[in-house]
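Given next are the chains, with one letter for each unit.
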Amino acid sequence: MSDSLVLAATQARENAHAPFSKFRVGAAVEDETGRIHTGCNVENATYGLTVCAERVAIFKAISEGARRFTRVAVVADTGTLTPPCGACRQILWEFCGDVEVVMANLQGKTESVRLGSLFPRAFDASFL
Ligand code: THU
């Protein structure tokens, strides 16, 4: 696997706390300086308080002062590549806009799409 962002997301996936679903996800976001911020899904016994890997990654990045992002990677162990959930699409749109999203699995299959194609006609601050 040559893409360092996908590699970082794959490694972050190892830290997933997913005792309920057993569905482990890793994410990584690259900021404009080239720094990579990672996240994994963190589940909770109440289920609803679970936070996806993508949101963990982007919130970590924001809390470290990063503000502009160039790419996002999402890694899960699925044949059909796992895309960000609806809530994560909204959050990613807020901070990354029409960013490149790289979906990948553990077999090295990857696909890149723009967030705008996953999340058309988004509601955002431009409406406020
Ligand atoms: N999950 C993510 O972390 N990211 C996704 O893109 C899809 C879903 C997590 C949430 C939950 O812990 C588990 O996967 C099953 O939904």
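Above this text you will find the structure in question.
Everything numeric in this text was worked out from a predicted model, so none of it was measured.

In the sheet, strand β1 (residues 25-31) pairs with strand β2 (residues 36-40) via 5 bridges, with the strands oriented antiparallel. Its bridge partner being in β2, Gly26 is matched across the sheet by Cys40. The hairpin turn running from β1 into β2, its antiparallel successor, is 4 residues long, and Gly34 in that turn takes a positive phi close to 95°.

Moving on, we get to the environment of Ala122. Turning to its location among the elements, Ala122 is positioned in the segment after α4 (115-118). Note on Ala122: relative accessible area 11%, which makes it buried. Taking the C-alpha atoms as reference, Ala122 lies 22 Å from Glu30; in sequence the two are 92 residues apart. With residues up to four places along the chain from it excluded, the contact list for Ala122 reads Trp93 and Phe127.

To continue, consider the sheet that holds strand β5 (residues 110-114). Spatially, 5 strands are ordered β2-β1-β3-β4-β5 in an open sheet, and the strand pairing comes out mixed. Across the chains shown, the open sheet's two edge strands, defined by having one partner strand only, are β2 and β5. Strand-to-strand twist across the sheet, computed as the mean angle between neighbouring axes with direction ignored, equals 20°. Sheet contacts for helix α1 (residues 4-13): β1, β2, β3 (69-76) and β4 (100-104); angle to β1, the most-contacted strand, approximately 140°.

Right, let's talk about the site of the ligand for a bit. What surrounds the ligand is the set Ser21, Phe23, Val25, Asn41, Glu43, Thr50, Cys52, Ala53, Glu54, Pro83, Pro84 and Cys85. Residue Asn41 places a side-chain N or O atom 2.9 Å away from an oxygen atom belonging to the ligand. Taking Glu43, its side chain carries an N or O atom lying 2.5 Å from an oxygen atom of the ligand. Out of a free accessible area of 370 Å², the ligand has 79% covered by protein chains. The cavity that encloses the ligand is the largest pocket. Of the residues that constitute the shell around the ligand, the class distribution is 7 nonpolar, 3 polar and 2 charged.

Cut-offs applied
Residues numbered from 1 in each chain as written. Predicted model: local features only at pLDDT ≥ 70, side-chain atom pairs only at ≥ 80, totals over all residues. Heavy atoms only, no water. Pairing = 2+ DSSP bridges. Helix = DSSP H or I, 4+ residues; strand = E, 2+ residues; numbered from the N terminus. Buried < 20%, exposed > 50% of the residue type's maximum accessible area, 1.4 Å probe, protein only. Contact = heavy atoms within 4.5 Å. Axes fitted to C-alpha atoms, helices over the stretch in contact; angles between N-to-C directions. Near = heavy atom within 4 Å. Polar contact = N/O pair within 3.5 Å; in protein donor to acceptor, adjacent residues only side chain to side chain. Areas by Shrake-Rupley, 256 points an atom, 1.4 Å probe, with all protein chains shown as cover. 1 Å grid on protein atoms, 1.4 Å probe; cavity = no way out; pocket = protein on both sides within 12 Å on 5 of 7 lines; lining within 4 Å. Sits in = over half its atoms within 2 Å of the grid points. Nonpolar A, V, L, I, M, F, W, Y, C, P; charged D, E, K, R; others polar.

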